[in-house]
There are 2 protein chains.
Amino acid sequence: MTTGRIRITKAMVTPIAFADPPLLTAAGVHEPFALRAIIEVATDAGLTGLGETYADEKHLAALTAAAAAIEGADVYATNEIYRRVLAVAPPATTIASGLAGDSDAVDRVFSPFEVACLDIQGKAAGRPVADLLGGAVRGTVPFSAYLFYKWAAHPGKDPDAWGEAYGFTAIKLKGGVFPPEQEIEAVRALRAAFPDHPLRLDPNAAWAPETAITIARELDGVLEYLEDPTPGIAGMAEVARHASMPLATNMCVVAFSHLDPAIRQNAVQVILSDHHYWGGLRRSALLAGICQAHRIGLSMHSNSHLGISLAAMIHLAAATPNLSYACDTHWPWKTGDVIKGDPFTFAGGAVAVPDGPGLGVELDRDALARLHEQYLSCGLRSRDDTGYMQRFNPSYERVQPRW
Amino acid sequence: MTTGRIRITKAMVTPIAFADPPLLTAAGVHEPFALRAIIEVATDAGLTGLGETYADEKHLAALTAAAAAIEGADVYATNEIYRRVLAVAPPATTIASGLAGDSDAVDRVFSPFEVACLDIQGKAAGRPVADLLGGAVRGTVPFSAYLFYKWAAHPGKDPDAWGEAYGFTAIKLKGGVFPPEQEIEAVRALRAAFPDHPLRLDPNAAWAPETAITIARELDGVLEYLEDPTPGIAGMAEVARHASMPLATNMCVVAFSHLDPAIRQNAVQVILSDHHYWGGLRRSALLAGICQAHRIGLSMHSNSHLGISLAAMIHLAAATPNLSYACDTHWPWKTGDVIKGDPFTFAGGAVAVPDGPGLGVELDRDALARLHEQYLSCGLRSRDDTGYMQRFNPSYERVQPRW
């Protein structure tokens, strides 16, 4: 046990790359490697904490500046750490994070350091991170199956083989790839194959409002929710006035500043939280509370991620009473990890909440070194689904909405 | 230091009474004694925690039921403790808490137990409670001077003598007692006497919307904010459309369910938080975050209270980045306490944040026993400003709005 001040002596940022399958999205196709940054926070108490986040070039630069700025701070002083990150953070719109809209740069840069500080606080108190958020209200956290249209292989490589079973009890189809009629047929085929599974469709804002309204009508009674059918708060509000199912988003409401206009316009009925851009676990708990106050449903968004992120997602989800829907995860699509062992088992589409101190995961330094080498050698420095697609389909253009 | 599970072995509720001066309000006049309940939570780790709340008869019954329900729970499992309180809590509207509207019974009953659990968590970690809320962002917490119209003495008693200086830098006048013209003159006299102090007026919803709009016009440029000029969210929204100064409330928005309608109607520009009815410190931090998301100002409300409540208020206020205004406190009006020593010093209208483990206050069992005896002998069992006023002025009626 550790008492008194616990000061940060060093915060380290290590970019890594892990092989990623050619998953298709409204913006193109996943490149051969997904990039992540691993955060290690060391303290004068000998305790260390972990965080995981995006590794796009501009984000890495911001993380590095923040890592220097927070040295000497106390791990309990997360308000002060937020202030220090704010002082060195870049303007809000300069860091991409996949298909999501412009989230808040400070919240995005602060997030992995906050997670690492809570990891350390948990270790100091001998308690899991969920206990720092009010304690787990569920012993296991449910996730949805995350179905992607994909190429059989990255061009020039052997076909890959995915098929492992995780027992998921809800199914999400990543759409926005093919014309809407084709994706409606896919949803109907899923409904026929899985008559009792809640189904979600996420075209990542590929449809104009009128298109989205038509499709919502066609899928009446079929979907648990329709995710980001169209771009922007005003467009979503227009679709919401006509859609029978809840509309969900991780694109038009991705920062605290988006909440007020979205709520006033009744634009969304479900928000997919994501601690990576909502400012860490405590600020994601705040988002959950805001959703509850406004009777907005809550689910959880995912990008390609590894075990440190999964641990943080599970502790947060476990301690969130009003988590209305099974969370998203790209977990089945990952090809490696930086944590030791295999602490997370999916059973019935859910994962048990770790009950050890902190996040409950340990860094595998050999794996970290290996994936960092892969980062250095792979040549990718920022995610670019569109550019990669254009290499093989030069006429491809990023259009939003496309239909 | 304490690690592992910390289970509640016993939660005790002790009602107390302390002498209260005859302060005038829109509902009548303060009775000779103010009632409070002191909560003590004991654990199997030997650590104990403190809470303080209302002691109206129905609230006491609810506290006693909750105290029994939470035994065996872990002090970190505040989500679970909330669930247990919910299971035994009375319907929302049955517990009065002064002039405030109907706050949420569960939040009100849960609050002192949550504070006690955070007190214990802080002691276990060797850290002040503010550190469990993200850490203090200010070393001292500013309070406003809280001016009341008052009788010189309770009927039949010798005149009392208040006059101690606390160096307050903001001034709030409790109005709704005399006709509006007279209170406007009082505010103007305060402005003349204190040209640089921010001034607030709180008539506790004693005015009809038209009256409030007229008064707001007359006090244009004079008030920092106008608190609860008129009853209800719709009335406040009407006044807000015409008032130049922000409207504040601790009457029409006193529960999470009130936020959505108030925000949609732009009814209030400042919310006075109060952990006693907003569900403890973490849920008050949630309220603060909601205010920030909707660009609503934040201040803090007070009822007559003692040192355990002040400690909780200070830790919360210290760790709330967006506390926009100096807090209210009845502290200068209190006549006794249940905590040891005198840990809080007002200097320049502010109090330093305790930096010891937990809340930083210790129970004085002799004082507790004395004030409990006073509770038993004083005969009061629920706050009744109106009934007490009517004993001396039989024609007095509780009318809202009065003007």
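Now for a quick tour of the structure. Remember, it's a predicted structure, so these values are computed and weren't measured experimentally. (Residues numbered from 1 in each chain as written. Chains lettered and ligands numbered in written order. Predicted model: local features only at pLDDT ≥ 70, side-chain atom pairs only at ≥ 80, totals over all residues. Heavy atoms only, no water.)

**Here's the deal with the pattern of salt bridges**
Counted by the stated rule, this structure contains 44 salt bridges over all chains. Each member of the salt-bridge network shares a partner with another, and the members are Lys-172, Lys-174, Arg-200, Asp-202, Glu-224, Glu-227 and Asp-328 of chain A. (Salt bridge = Lys/Arg side-chain N within 4 Å of Asp/Glu carboxyl O.)

**Section: the interface of chain B and chain A**
Every contact between the two is made by 34 residues of chain B and, on the other side, 34 residues of chain A. Across the chain B to chain A interface the summed buried area is about 2900 Å²; carbon plus sulfur atoms make up 49%. Its largest share of buried area at the contact with chain A, chain B owes to Tyr-76, Asn-79 and Arg-127 of chain B, together 23% of the area lost on that side. Where chain B packs against chain A, one counts 2 salt bridges. We note a salt bridge from Arg-127 of chain B to Asp-74 of chain A, for which the minimum N-O separation is 2.9 Å. Put simply, chain B and chain A have 19 residue pairs in polar contact (both at pLDDT 80 or more) between them. (Contact = heavy atoms within 4.5 Å. Buried area = accessible area lost by both parts, 1.4 Å probe. Polar contact = N/O pair within 3.5 Å; in protein donor to acceptor, adjacent residues only side chain to side chain.)

**Re helix 7 (residues 233-240) of chain A**
Residues and elements named next belong to chain A. Most of helix 7 sits out of view: 6 of its 8 residues are buried. The complete set of buried residues in helix 7 reads Ile-233, Gly-235, Met-236, Ala-237, Val-239 and Ala-240. Contact partners of the buried residues in helix 7: helix 6 (209-218), strand 11 (247-249) and helix 8 (256-264). (Buried < 20%, exposed > 50% of the residue type's maximum accessible area, 1.4 Å probe, protein only. Helix = DSSP H or I, 4+ residues; strand = E, 2+ residues; numbered from the N terminus.)

**Points about helix 1 (residues 57-69) of chain B**
All names here are of chain B. With 13 residues, helix 1 extends 19 Å from end C-alpha to end C-alpha; this agrees with the ideal 18 Å at 1.5 Å per step. Among the residues making up helix 1, those that are buried are His-59, Leu-60, Ala-62, Leu-63, Ala-66 and Ala-67. The buried residues of helix 1 occupy an angular sector of 165° when the element is viewed end-on, so they sit on one face. In helix 1, the exposed positions angled more than 90 degrees off the buried face are occupied by Lys-58 and Ala-68. (Expected span 1.5 Å × (residues − 1). Arc of directions from axis to C-beta.)

**Some remarks on the sheet that holds strand 12 (residues 270-273) of chain B**
All names here are of chain B. Pairing within the open sheet is parallel, and its 7 strands lie in the order 7-8-9-10-11-12-13. Strand pairing shows two members of the sheet lacking a second neighbour, strand 7 (145-148) and strand 13 (297-300), which therefore form its edges. Strand-to-strand, the axes of this sheet are offset by a mean angle of 25°, without reference to chain direction. Note: strand 12 against strand 13, 4 bridges, orientation parallel. Across the sheet, Ser-273 pairs through a bridge with Met-300, a residue of strand 13. (Pairing = 2+ DSSP bridges. Axes fitted to C-alpha atoms, helices over the stretch in contact; angles between N-to-C directions.)

**Topic: the environment of Val-13 of chain B**
All names here are of chain B. Within the secondary structure, Val-13 sits in strand 1 (residues 8-19). Judged by relative accessible area, which is 21%, Val-13 ranks as partly exposed. Along the primary structure Val-13 and Glu-40 are separated by 27 residues, whereas in three dimensions their C-alpha atoms are 6.7 Å apart. If we ignore the near neighbours within four places in the chain, the residues touching Val-13 are Ala-37, Ile-38, Ile-39, Leu-60, Leu-63, Thr-64 and Ala-67.

**Focus: the side chain of His-305 of chain A**
For His-305 of chain A, the location among the structural elements is in the loop between strand 13 (297-300) and helix 10 (307-318). Residue His-305 of chain A is classed as buried on the basis of its relative accessible area of 1%.

**As for the relation of the copies chain B and chain A**
Each copy of the sequence occupies a distinct position, and chain B is placed on chain A by a rotation of 180° and an axial shift of 0.0 Å, giving an RMSD of 0.0 Å. Taken together, these values place the two copies in the relation of a two-fold axis. Both copies present the same face, since 100% of the interface residues in chain B are matched by interface residues at the equivalent positions in chain A. (Least-squares fit on C-alpha atoms with pLDDT ≥ 70 in both.)

**A few points about the pairing of strand 12 (residues 270-273) of chain A**
All names here are of chain A. Residues Val-270 and Leu-272 point to one face of strand 12 and Ile-271 and Ser-273 to the other, with burial holding for every one of them. For the crossover that starts at strand 11, traverses helix 8 and ends in the parallel strand 12, the hand is right-handed. Once you follow strand 12 into helix 9 (residues 280-293) and on to strand 13, the crossover reads as right-handed. (Right-handed = clockwise from strand over helix to strand, strands pointing away.)

**Observations concerning the packing of helix 4 (residues 180-193) of chain B against helix 5 (residues 209-218) of chain B**
Residues and elements named next belong to chain B. Remark: helix 4 packs on helix 5, axes separated minimally by 11 Å, with the N-to-C direction vectors making an angle of 25°. By the angle between their axes, helix 4 is roughly parallel relative to helix 5. For the pair helix 4 and helix 5, the sense of crossing is right-handed. Contact residues: Pro-180, Ile-184 and Arg-188 in helix 4; Thr-211, Ile-215 and Glu-218 in helix 5. Grouping the amino acids of the contact of helix 4 with helix 5 by side-chain chemistry returns 3 nonpolar, 1 polar and 2 charged. (Parallel < 35°, antiparallel > 145°, perpendicular 65-115°, else oblique. Left-handed = near helix turned anticlockwise from the far one by under 90°. Nonpolar A, V, L, I, M, F, W, Y, C, P; charged D, E, K, R; others polar.)

The analysis is restricted to geometry; functional conclusions fall outside its scope.
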